[in-house]
Amino acid sequence: MGHRRARRRLGPCMAPPFTTQAGVVKPNRPPTAYEQRVYAMCQAIPKGKVSTYGQMAKALSSSARAVGQAMRRNPFAPAVPCHRVVAADLDLGGFSGSWGISCSSVQRKKAMLEQEGVKFLGDKISSALFLLTAEELTRLVQQKAAGQ
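The rules we used
Residues numbered from 1 in each chain as written. Predicted model: local features only at pLDDT ≥ 70, side-chain atom pairs only at ≥ 80, totals over all residues. Heavy atoms only, no water. Axes fitted to C-alpha atoms, helices over the stretch in contact; angles between N-to-C directions. Helix = DSSP H or I, 4+ residues; strand = E, 2+ residues; numbered from the N terminus. Parallel < 35°, antiparallel > 145°, perpendicular 65-115°, else oblique. Contact = heavy atoms within 4.5 Å. Nonpolar A, V, L, I, M, F, W, Y, C, P; charged D, E, K, R; others polar. Buried < 20%, exposed > 50% of the residue type's maximum accessible area, 1.4 Å probe, protein only. Polar contact = N/O pair within 3.5 Å; in protein donor to acceptor, adjacent residues only side chain to side chain. Core = buried A, V, L, I, M, F, W, Y, C linked by side-chain atoms within 4.5 Å. Expected span 1.5 Å × (residues − 1). Arc of directions from axis to C-beta. pLDDT = per-residue confidence, 0-100.

**Student:** Teacher, can you tell me more about the packing of helix H2 (residues 33-43) against helix H4 (residues 64-72) here?
**Tutor:** The geometry of a pair of packed helices is captured by two quantities: the angle between their axes and the separation between those axes. Interaxial distance between H2 and H4 falls to 10 Å at its minimum, and their mutual angle equals 85°. One element, H2, and the other, H4, form an angle in the roughly perpendicular class. In contact with Tyr 34, Glu 35, Val 38, Tyr 39 and Cys 42 of H2, H4 contributes Ala 66, Val 67, Ala 70 and Met 71. Here the contact of H2 with H4 is built from residues that sort into 8 nonpolar, no polar and 1 charged.

**Student:** Before we go on, may I ask you to explain the side chain of Ser 51 in this structure?
**Tutor:** Locating Ser 51 in the fold gives a position in strand E3 (residues 51-52). Given the relative accessible area of 0%, Ser 51 is considered buried. Among the polar contacts listed, one links the side chain of Ser 51 to the backbone oxygen of Leu 132, at a separation of 3.0 Å.

**Student:** Just to check I follow, could you spell out the nonpolar core for this structure?
**Tutor:** Taken as a class, soluble globular proteins show a tendency for nonpolar side chains to be buried jointly. Residues Val 38, Met 56, Val 67, Met 71 and Ile 125 are the most contacted members of the largest nonpolar core, which totals 30 residues. Breaking this core down by element, the ones donating at least two residues are H2, helix H3 (53-60), H4, strand E4 (85-86), helix H5 (104-115) and helix H6 (134-145).

**Student:** What should I look at first to understand H5 in this one?
**Tutor:** Residues three or four positions apart in an α-helix share a direction because the helix packs 3.6 residues into each turn. In this model, H5 (12 residues) spans 16 Å end to end at C-alpha, consistent with the 16 Å of a helix rising 1.5 Å per residue. Considered for burial, the residues of H5 that qualify are Ser 105, Val 106, Lys 109, Lys 110 and Leu 113. Angularly, the buried residues of H5 cover 150° about the axis, an arc narrow enough to put them on a single face. Turned more than 90 degrees away from the buried face of H5 sit Ser 104 and Gln 115, all of them exposed. Directly beyond the C-terminal end of H5, a positive phi value near 105° is found at Gly 117.

**Student:** Honestly, the confidence of the model for the chain in this entry has me stumped. Any pointers?
**Tutor:** Detailed reading of the predicted coordinates is not advisable wherever pLDDT is low. Counting all residues, the mean pLDDT for the chain is 82, and 79% of those residues have values of 70 or more. Counting contacts from residues 1-16, a segment whose pLDDT is below 50, to residues more than four positions away or on other chains yields 12 contacts.

Set out below in structure tokens:
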């Protein structure tokens, strides 16, 4: 089905997705209210720190899978630094819709985190000292909203 026919059939809010120059498929719609909350929280994670999909989900009263889907759809990278969100076991998790260290995009995620000062032991983050909890994330978001 062509894009014009699909757009007529789906309506303006459900336009077909587009593919970025890096080959990543992104939604062709504005972020949902939930995605905006996820992105605001992700923006609060400072350089040199990470959080997990689960910790973000806990802070948002959501699920880790929903956070991961929002990260996969992030149209604002690198302003919304989704590379700072990792798996619960401090493994890198996914990046740009790919999963696993063998993927070039996940290797790029690791390089970005290393440039920001995050240390690794193999393919996992070396210490929980780099990890922000749900409570810390909530506090950072509140501080950012208050203009601190």
